[in-house]
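# What the coordinates show
Below, each chain spelled out in residue letters.
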Amino acid sequence: MTDSHAPMPGAESLAEPMRSRWSPSIFDAEHTLSTAEIRTLLTAAQWAPSSGNMQPWRFVVAERGSAAHDALRPHLSRGNSGWVPRASVVFLAATQVEPEPDETDDPRAFKGADVNIYALGQAAAHLTLEAQAMGLWAHQFGGFDKSATGDALGVPASWRIVAGIAVGVRGNPAEVSERDQEREHRERRRKPVEEIAYGDRWGSPWRGVD
Ligand SMILES: Cc1cc2nc3c(=O)[nH]c(=O)nc-3n(C[C@H](O)[C@H](O)[C@H](O)COP(=O)(O)O)c2cc1C
């Protein structure tokens, strides 16, 4: 399916799959992923780098029709409740934010919540880019009650669900609400490099910016 979402001007020089990645909101609600495909996506996350190789990420695999999917759906924000459930699978991405209370773990194993959230983001990026490379589409989302979802799924207090990653193939716009159709066509924009890259001091332009 060709469309005007990617690459946007400025992104043409990127390598695939970064070049063509974007986050669609209209998934095919009939499509399912094979176990092997889901395993490949998890393998991409598995091979992300992490501090001390602690791999502080866990994913609840919520396939459409599964008990985990049933646990998530009531906690989606209004804006996400239409499009997320249509995806073939949602990965609920969690990391450890506090040391284990019973100290059964090696105390050195917990590197800190910020380090762990950073690592989880890397794993999520690996998973989403692998999805793109496989001809699938991924759309991450934070708009849901993560605490209630975590409770429903039995996530321990020292771990926190940080985001969901909806993966599937693109679906028929006629099957979704106007709101979700509109969301699909929002213009994709980015801050200019001069706003995100500094040189000698915080706030001073990096030399590569005109
Ligand atoms: C941590 C995170 C949370 C997000 N939360 C939502 C969300 O709740 N609902 C939504 O529709 N999109 C959500 N998004 C998708 C972003 O809106 C989207 O990635 C951004 O607008 C850039 O668009 P692009 O992915 O097409 O480049 C989220 C993305 C990330 C990484």
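This section reports on the structure supplied with the text. All of these numbers come straight from a predicted model, not from anything done at the bench.

### A look at the nonpolar core
Counting residues in hydrophobic clusters, the biggest one holds 20 residues, and the most contacted among them are L41, F59, F91, L127, I165 and V167. Elements that contribute at least two residues to this core include exactly helix 1 (35–46), strand 1 (57–63), strand 2 (89–96), helix 3 (113–133) and strand 4 (159–168). For this core, the element with the most residues is helix 3, which contributes six residues. Not counting the four nearest positions on each side in its chain, L127 is found in contact with L41, A44, A45, F59, F91, I165 and V167.

### As for the sheet that holds strand 2
With antiparallel pairing, the four strands of this open sheet are ordered in space as 1-2-4-3. The two strands at the open ends of the sheet, each matched to only one other strand, are strand 1 and strand 3 (137–141). The sheet shows a mean angle of 25° between the axes of neighbouring strands, direction not considered. Where strand 3 meets strand 4, five bridges bridge the pair, whose relative direction is antiparallel.

### Here we look at the site of the ligand
Close contacts around the ligand come from 13 residues, with S23, G142, R183, R188 and R190 the closest. Take N80: an N or O atom from its side chain is 2.9 Å from an oxygen atom of the ligand. In this structure, a nitrogen atom belonging to the ligand sits 2.8 Å away from a main-chain N or O atom of G142. Protein contact buries 59% of the 620 Å² of open area that the ligand shows by itself. No other element matches the three residues that strand 3 contributes to the shell around the ligand. Within the shell around the ligand, the residues separate by chemical class into three nonpolar, six polar and four charged.

### A closer look at unusual backbone geometry
Cis geometry is found at the peptide bond from A6 to P7, where omega equals -5°. Turning to its location among the elements, P7 is positioned in the segment before helix 1. Look at the link from E16 to P17: it is a cis peptide, with omega at 5°. With respect to the helices, strands and loops of the structure, P17 is situated in the segment before helix 1. Of note, the phi angle at N53 is positive, near 55°, even though the residue is not glycine. As for its position among the elements, N53 is in the loop between helix 1 and strand 1. Its relative accessible area of 52% is what places N53 among the exposed residues. If you check the backbone angles, Q55 has positive phi at about 50° while not being a glycine. Checked against the element boundaries, Q55 lands in the loop between helix 1 and strand 1. Using a relative accessible area of 30% as the deciding quantity, one classes Q55 as partly exposed.

Definitions and cut-offs
- Residues numbered from 1 in each chain as written.
- Predicted model: local features only at pLDDT ≥ 70, side-chain atom pairs only at ≥ 80, totals over all residues.
- Heavy atoms only, no water.
- Core = buried A, V, L, I, M, F, W, Y, C linked by side-chain atoms within 4.5 Å.
- Buried < 20%, exposed > 50% of the residue type's maximum accessible area, 1.4 Å probe, protein only.
- Helix = DSSP H or I, 4+ residues; strand = E, 2+ residues; numbered from the N terminus.
- Contact = heavy atoms within 4.5 Å.
- Pairing = 2+ DSSP bridges.
- Axes fitted to C-alpha atoms, helices over the stretch in contact; angles between N-to-C directions.
- Near = heavy atom within 4 Å.
- Polar contact = N/O pair within 3.5 Å; in protein donor to acceptor, adjacent residues only side chain to side chain.
- Areas by Shrake-Rupley, 256 points an atom, 1.4 Å probe, with all protein chains shown as cover.
- Nonpolar A, V, L, I, M, F, W, Y, C, P; charged D, E, K, R; others polar.

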